[in-house]
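The primary structure of each chain is shown beneath.
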Amino acid sequence: MLASLEGIAFSMWLLGSNSIWAYPTVLTLHTFGMMVLAGAAAMIDLRLLGFGRGIPLGSMNTLFSVIWGGLALNAVTGTMLFVADATKRGTSVIFLVKMLLIAVGVVTIVMIRRDLNRGNGEPVAVSGTAKLLAITSLLAWSAAITAGRLLAYVA
Amino acid sequence: MPLPLITGLIVLGVLIIVGAVAYLIDESTERHERTRQQ
Amino acid sequence: MPNLANLADLAHLHLLLNHFPTIGTILGLGLLLLAFVRRNDHLTKVSFEVFFLIALATLPVYESGVAAQEALKGQSGVSETAIAAHQDAALLAFILMAITGTAAWLGLWQYRRIGRPTTATVSAVLVLSVITVALMARAANMGGDIRHPEILGGQYSSGTETAATAWLTSASIKTFVLEHPWVWPTCETLHFLGMSLMFGVLMIVNLRLLGWMKGMSFAAVHRLLPLGILGFGINFVTGLLFFIGAPEQYTQNVAFHWKMILLELAGLNFLVLTVFDGAWMLPAGAEPPLSDKLLAASALVLSVGVMYFGRMLPFIGNAF
């Protein structure tokens, strides 16, 4: 099944074409999505850990939108990259690890959002739970990026 | 040692060091800002 | 316009640009000392700005220097040992310049936040700049030895250096990078992480300056700028390791030179963000003026451009 994904016209075009609009562009968009997503998540996490304490906790909502946007872009570009190399990625342990870490990252961000929105009005203090979630998020996204980079080196 | 383990450990180490430096700068700045406000 | 993929043009640039760090550091140190003598705080601030700008300018000097080395490969009458010795001296001076520039930036940031730099910062800049001036002079002197036959044999000509810094040579770094298979992937990973941290800071700061997230004042978000510098620090170190480890992948690669040009401009932009009066005054709730928005937009465009050319390195210009 994985081999047949590699055989479809899109996959052939993505890897086979010499055009800069094929693999290089998809890869660059994927890198952009990663940078945007991880960067925004890092800002929220670092704020929760006490950096930039003058920033009101409720004022960073745009960053959550940025995270979801980056995630969407990378789901699309990631699928494209997967499909073109399906037999290798589909059987790769590191790839699976990356997906799991992304899942952890997403869940933590959702939980952080919920924690910031609890009660009515502006959140005032950072709870201990939020701090733990922030550290988990930082570690999960960093590990996901590490796993992603190692894809080029490890089976 | 397998590659992912080496990379993972070094990355973790760098993050901890960077975090520590950031924390020190931030705390020092907080002390100075607070003294200035008084 | 110089052809960025042409080694001779880059060598020419090197001969032009190398004057900046050599003279600029002396100028910066002179201003700092004058500031002490005159007890003039404004002069201190200006000296810090000079150090930061000269540090920025040193990057293309080093880069073009390596290109010049490649341009001279195999040329008779030119000593490759002399070039290597100069390059190693220059690398050390470059690293110290970067550290000095960072300390100077911290001082400028502190001017904004607490009205004056801390004694620790000022002392650090003073000590570091003296060391940097000395190392720059040493590197420049050795550069002269490469192709100025009129001075060879004189007492000021540098012999072979048996420095305490013999471990820090381009050759030893290159061997380290190439001999250990974990170095390159680890550096790449750290490079991505540093980039994400930097871009995160740039996003939150510049989105505010564009009018989003009005709940925060600019002053509140200005507090995060050192995190951006730390992110850049990671990328500076890993970037140097890439460049020294495999210079042939970069010196004739147009994408790499464009990446560095955009990085320089982004650095200038970052300086403005750090010291600019206008942006600093922006309170919570206020719509930013057009000047802030232009500054912010350029910051984001430039940094995305740096990422773009970085990612495109294997595809644009000559492939790896």
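These figures come from a predicted structure and were not determined experimentally. (Residues numbered from 1 in each chain as written. Chains lettered and ligands numbered in written order. Predicted model: local features only at pLDDT ≥ 70, side-chain atom pairs only at ≥ 80, totals over all residues.)

Draft legend 1. Region of interest: the overall build of chain A. Helix and strand counts for chain A come out as seven helices and zero strands. Its helices and strands taken in sequence order, chain A reads α-α-α-α-α-α-α from the N to the C terminus. If you line up chain A on its principal axes, its C-alpha atoms span 55 × 30 × 25 Å. Here chain A holds 155 residues, and 40% of them are scored as buried. (Helix = DSSP H or I, 4+ residues; strand = E, 2+ residues; numbered from the N terminus. Buried ≥ 20, exposed ≤ 12 C-beta atoms within 10 Å, placed from the backbone.)

Draft legend 2. Quick look at the overall build of chain C. Each helix and strand in chain C was counted, giving twelve helices and zero strands. Ordered by position in the sequence, the α and β elements of chain C form the string α-α-α-α-α-α-α-α-α-α-α-α. In summary, chain C has a C-alpha radius of gyration of 21 Å against a globular reference of 20 Å for 320 residues, a match within 12%. Projected onto its principal axes, the C-alpha coordinates of chain C cover approximately 65 × 55 × 40 Å. Within chain C, buried positions represent 47% of all 320 residues. Put simply, of all contacts in chain C between residues at least 6 apart along the chain, 78% involve residues at least 24 apart. (Rg over C-alpha atoms; globule rule 2.2 N^0.38 Å. Contact = placed C-beta atoms within 7 Å.)

Draft legend 3. Quick look at the interface of chain C and chain A. In this assembly, 30 residues from chain C lie in contact with 32 residues from chain A. Those elements giving two or more residues to the side of chain C that touches chain A turn out to be helix 7 (183–209), helix 8 (218–222) and helix 12 (290–311) of chain C. Examining the composition of the side of chain C that touches chain A, we find that 13 residues originate from one element, helix 7 of chain C, more than from any other. Residue composition of the side of chain C that touches chain A, by class: 22 nonpolar, five polar and three charged. (Nonpolar A, V, L, I, M, F, W, Y, C, P; charged D, E, K, R; others polar.)

Draft legend 4. Fine view of the packing of helix 4 (residues 80–114) of chain C against helix 5 (residues 119–147) of chain C. Residues and elements named next belong to chain C. Running from N to C, helix 4 and helix 5 point in directions that differ by 155°, and their axes come no closer than 8 Å. Taken together, the axes of helix 4 and helix 5 lie roughly antiparallel to each other. Judged by the twist between their axes, the crossing of helix 4 over helix 5 is left-handed. Broken down by class, the residue content of the contact of helix 4 with helix 5 amounts to 23 nonpolar, eight polar and two charged. (Axes fitted to C-alpha atoms, helices over the stretch in contact; angles between N-to-C directions. Parallel < 35°, antiparallel > 145°, perpendicular 65-115°, else oblique. Left-handed = near helix turned anticlockwise from the far one by under 90°.)

Draft legend 5. Quick peek at helix 9 (residues 225–245) of chain C. Its 21 residues place the ends of helix 9 of chain C 30 Å apart at the C-alpha level, agreeing with the 30 Å of an ideal helix rising 1.5 Å per residue. Within helix 9 of chain C, 16 of the 21 residues are buried, leaving the element largely enclosed by the surrounding structure. (Expected span 1.5 Å × (residues − 1).)

Draft legend 6. Region of interest: the interface of chain B and chain A. Across the contact, eight residues belong to chain B and seven residues belong to chain A. Its residues placed into classes, the side of chain B that touches chain A shows five nonpolar, two polar and one charged.

Draft legend 7. Here's a closer look at unusual backbone geometry. Residues and elements named next belong to chain C. Despite not being glycine, R39 has its phi angle at roughly 50°, a positive value. Mapped onto the elements, R39 comes out in the loop between helix 2 (19–38) and helix 3 (41–71). Here R39 falls in the exposed class, since 8 other C-beta atoms lie within 10 Å of it.

Draft legend 8. Local environment of the domain arrangement of chain C. All names here are of chain C. According to the domain assignment, chain C contains domain 1 (1–165) and domain 2 (169–313). Distance from the C-alpha centre of domain 1 to the C-alpha centre of domain 2: 22 Å. Counting residues at the interface gives 21 residues for domain 1, matched by 20 residues for domain 2. For the side of domain 1 that touches domain 2, the secondary structure elements donating two or more residues are helix 3 and helix 4. The biggest single contributor to the side of domain 1 that touches domain 2 is helix 4, with ten residues. Here the residues of the side of domain 1 that touches domain 2 sort into 15 nonpolar, two polar and four charged. (Domains from an automatic or database assignment.)

Draft legend 9. Spotlight on helix 1 (residues 7–17) of chain C. Residues and elements named next belong to chain C. For helix 1, the full list of buried residues reads L10, L13 and H14. Taken down its axis, helix 1 places every buried residue within 105° of arc, on the same side. Residues of helix 1 that are buried in the fold lie against helix 3. (Arc of directions from axis to C-beta.)

Draft legend 10. Highlighting the nonpolar core. If you look at the biggest cluster of nonpolar residues, it comprises 131 residues, and the most contacted ones within it are A40(A), A41(A), A93(C), V201(C) and I204(C). For this core, the two domains that each supply at least three residues are domain 1 (1–165) and domain 2 (169–313) of chain C. Once residues lying within four places of it in the same chain are set aside, the contact partners of A40(A) are L63(A), V66(A), I67(A), G70(A), G200(C) and M203(C). (Core = buried A, V, L, I, M, F, W, Y, C linked by C-beta atoms within 7 Å.)

Draft legend 11. Examining the packing of helix 6 (residues 170–179) of chain C against helix 9 of chain C more closely. All names here are of chain C. Where helix 6 contacts helix 9, the two axes come as close as 8 Å, and the packing angle between them is 95°. It follows that helix 6 is roughly perpendicular to helix 9 by the angle criterion. Here S170, I173, K174, V177 and L178 of helix 6 come into contact with helix 9, specifically with L241, I244 and G245. A breakdown of the residues in the contact of helix 6 with helix 9 according to their chemical character gives five nonpolar, two polar and one charged.

Draft legend 12. Seen up close, the environment of Q87(C). Take Q87(C): it is sitting in helix 4. Between the C-alpha atoms of Q87(C) and A11(C), which are 76 residues apart in sequence, the distance is 13 Å.

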